[in-house]
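Geometric and topological summary
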Amino acid sequence: MKIQTLALLSVCLLFAAQADAQDRRYTLVERELETLMEIWPGDHDNREQLQFDSNVEKKSLETGGHLRVHGQISRVDLPAFGEYVLYVEEYKNNDPSSIFRQRLYEVSADEEEGAIRIKLHFFKDGEEFLGAHDAPSKLKGLTRDDTMVLDGCDIFLRRDGDVLAGGMKTKECVFGEDSAKRYSDYQLRVGETGYWFRDRTLSFATDEQLEGVADFSWHQLERARWFSCMVDFPKKDGGPPVNTIDYVRIHDQGGTYPFTYRDGREMVFTFRNTWSYGMQRETLVVVVQDKDETGPTLVYGWGQPGSDRIGVNPGWIRLQCDLDTEKLVKFQNWLRPDS
């Protein structure tokens, strides 16, 4: 009888828990937090912004241009840092070894602030964790002792139209003492198509800007998609390009692949979403240039933004790019079984 009573009690508790879960009402901030974790992870790049800079003679940092930044945002499973954790790695100048920012973001719903709170964790020794966006196992075993948090440097995001926007509180992320006392001003906007950021350091006493780039204008990182591309050369001079010399994983926001052609010439293959001024729309573009991105264009092809495939075949080289999915990559491998 006691066993039956306990079993009945367990069933009742189970139904009660399910009912509580169904009746649970999420706050607006909690829903916004879920949205952020859904839309932000991925790769982002501001390659096209640099093109816009060049078009208006902002060709360097000295003339108000922007840094080339590639941002990789990944959601990671680290219970020691909470339920919502992001690994952030940004690099400069299309060079993954030139790290611009590396952080662990502890994200939570702050009901008192009415905002999403992002607590920045700085790695004490970040080198061993580089590349964790592609190899999350690198973060396994990470503890709070491996990072440090600076008081007052949290970021607060709130709904602003179709994006989540905000930044650090004014004069709270403070460094230095006396006349050298200064504070950071980092601002952020996150949407479905990418994220924007701008940051600077100012004098605590005078609010004069001490450090910053691009006149504190926004770095605009657009969401990138990854493609798998077959690079085919002819097997002999004058023959059709049917010999796959490489399978390249490349993103469509300025990803590059330098290679040597069969006659010894150095070339580069670039994948971009460029702005078609005459048509007032984006255009998906693949281009091959002599030597590097500053060299003459040898061949290019274009297509509809959002397409899952694009290619070009002028006869001496063949590029076939398909969205990087397991299914499409298998199809590519089946296409050239003798390569």
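Quick word on a negative patch on the surface
A grouping of Glu34, Glu38, Glu83, Asp162 and Glu192 is seen on the molecular surface, where their side chains present a negatively charged patch. Within the secondary structure layout, glutamate 192 lies in the loop between β10 (182–191) and β11 (194–203).

Thoughts on the environment of cysteine 153
Here cysteine 153 lies in the loop between β6 (147–149) and β7 (155–160). Distance in space between the C-alpha atoms of cysteine 153 and tyrosine 183 is 9.3 Å, their sequence separation being 30 residues. Those residues in contact with cysteine 153 that lie beyond four places of it in its chain are Leu120, Met168, Cys173 and Phe175.

Topic: the pattern of salt bridges
Under the criterion given, the structure shown has 22 salt bridges. Here glutamate 32 ties to arginine 159 by a salt bridge, and the two come within 2.8 Å at their closest N and O atoms. Remark: arginine 159 occurs in strand β7 and glutamate 32 occurs in helix α2 (residues 28–39); sequence separation between them is 127 residues. Several salt bridges share partner residues, and in doing so they unite Asp110, Arg117, Lys119 and Asp154 into one network.

Topic: helix α3 (residues 47–55)
All of the buried residues in α3 are Arg47, Glu48, Gln49 and Asp53. Turning to α3, the residues buried within the fold contact β1 (42–45), β13 (219–224) and β17 (266–276).

Let's talk about the confidence of the model for the protein
The predicted coordinates should not be examined in detail at positions where pLDDT is low. Of the residues in the protein, 91% have a pLDDT of 70 or more, and the chain-wide mean is 90. Predicted confidence for residues 5–11 stays below pLDDT 50, and this span has zero contacts to residues more than four positions away or in other chains.

Comments concerning the packing of aromatic side chains
Tallying each qualifying case throughout the model produces 16 aromatic pairs. Where tyrosine 87 meets phenylalanine 123, the ring centres are 6.1 Å apart and the plane angle is 70 degrees; that geometry is what we call edge-to-face. Of this pair, tyrosine 87 sits in strand β3 (residues 84–92) while phenylalanine 123 sits in strand β5 (residues 115–123), and the two are 36 residues apart along the sequence. Ring centres of tyrosine 300 and tryptophan 302 lie 5.8 Å apart, and the angle between their planes is 35 degrees; on these two criteria the pair is classed as tilted. Residue classification places tyrosine 300 among the partly exposed positions, given a relative accessible area of 48%. A connected cluster of aromatic rings, assembled from ring pairs, spans Phe233, Tyr257, Phe259, Tyr261 and Trp316.

Observations concerning the pairing of strand β19 (residues 297–303)
Looking at chain direction, strand β18 (residues 281–290) and β19 are connected through six bridges and run antiparallel. Pairing of glutamine 289 across the sheet is with threonine 297, part of β19. The hairpin formed by β18 and β19 contains six residues between the paired strands, and lysine 291 there has a positive phi angle of roughly 70 degrees.

Topic: the nonpolar core
Judged by nonpolar contacts, the single largest core of 29 residues is most densely connected at Trp40, Tyr105, Val107, Ile118 and Leu188. Every residue in contact with tryptophan 40, bar those within four places of it in the chain, is listed here: Ile73, Leu86, Tyr105, Ile118, Leu188, Val190, Tyr195 and Arg223. If you look at the next biggest cluster of nonpolar residues, it comprises 21 residues, including Ile250, Met267, Val288 and Cys321.

Some thoughts on unusual backbone geometry
The backbone phi angle of asparagine 94 is positive, close to 60 degrees, even though this residue is not glycine. Within the secondary structure layout, asparagine 94 lies in the loop between β3 and β4 (99–110). Residue classification places asparagine 94 among the partly exposed positions, given a relative accessible area of 24%. Here aspartate 207, not a glycine, exhibits a phi torsion of approximately 65 degrees, which is positive. By secondary structure assignment, the location of aspartate 207 is in the loop between β11 and β12 (209–212).

Examining the sheet that holds β17
Read from one edge of the open sheet, four strands run β16-β17-β18-β19, paired in antiparallel fashion. The sheet is open, and its two edges are formed by β16 (255–260) and β19, each paired on a single side. Adjacent strand axes in the sheet meet at a mean angle of 20 degrees, parallel and antiparallel pairs treated alike.

Regarding the side chain of glutamine 320
With respect to the helices, strands and loops of the structure, glutamine 320 is situated in strand β21 (residues 318–323). Polar contacts involving the side chain of glutamine 320 include one to the side chain of aspartate 322, which spans 2.9 Å. Setting aside residues up to four positions removed in sequence, glutamine 320 forms contacts with Ser228, Cys229, Met230, Ile310, Gly311, Gln332 and Leu335.

Parameters at a glance
Counting from 1, residues in each chain are numbered in the order their sequence is written. Owing to the predicted nature of the model, reporting of local features is limited to residues with pLDDT of at least 70; listing and counting of side-chain atom pairs is limited to 80 or more, with chain, interface and lining totals taken over all residues. In computing side-chain values, all of the structure's heavy atoms are included and hydrogens and water are not. Candidate patch residues must exceed 30% relative accessible area and have no salt bridge, after which like charges are joined if within 9 Å and Val, Leu, Ile, Met, Phe, Trp or Tyr side chains if within 5 Å. Computed by Shrake-Rupley with a 1.4 Å probe, the accessible areas treat only the displayed protein chains as cover when residues are assessed. For this analysis, a salt bridge means a side-chain nitrogen from Lys or Arg found within 4 Å of a carboxyl oxygen belonging to Asp or Glu. In this count, Lys and Arg are taken as positive residues and Asp and Glu as negative ones, while His and the chain termini are left out. Note that the charge is assigned to NZ on lysines, CZ on arginines, CG on aspartates and CD on glutamates. Where helices and strands are cited, they refer to DSSP runs of H or I of at least four residues and of E of at least two residues respectively, numbered from the N terminus. Whether two residues are in contact is decided by their heavy atoms: any pair within 4.5 Å suffices. Accessibility here uses a 1.4 Å probe with only protein chains present; expressed as a share of the type maximum, an area under 20% marks a residue as buried, one over 50% as exposed, and anything in between as partly exposed. Confidence of the predictor in every single residue is expressed as pLDDT, which spans 0 to 100. Here is the rule: rings of Phe, Tyr and Trp (six-membered ring for Trp) pair when centre to centre is within 6.5 Å. Planes less than 30 degrees apart are stacked, more than 60 are edge-to-face, and the remainder are tilted. When DSSP finds two or more bridges between a pair of strands, those strands are recorded as paired. Side-chain atoms within 4.5 Å are what join buried Ala, Val, Leu, Ile, Met, Phe, Trp, Tyr and Cys residues into a set we call a nonpolar core. Only the stretch in contact is used when a helix axis is fitted, and all axes are lines through C-alpha atoms; the angle between N-to-C directions ranges over 0 to 180 degrees. Polar contacts here mean pairs of N or O atoms no more than 3.5 Å apart (in protein, one a potential hydrogen donor and the other a potential acceptor; neighbouring residues in sequence count only if both atoms are side-chain atoms).

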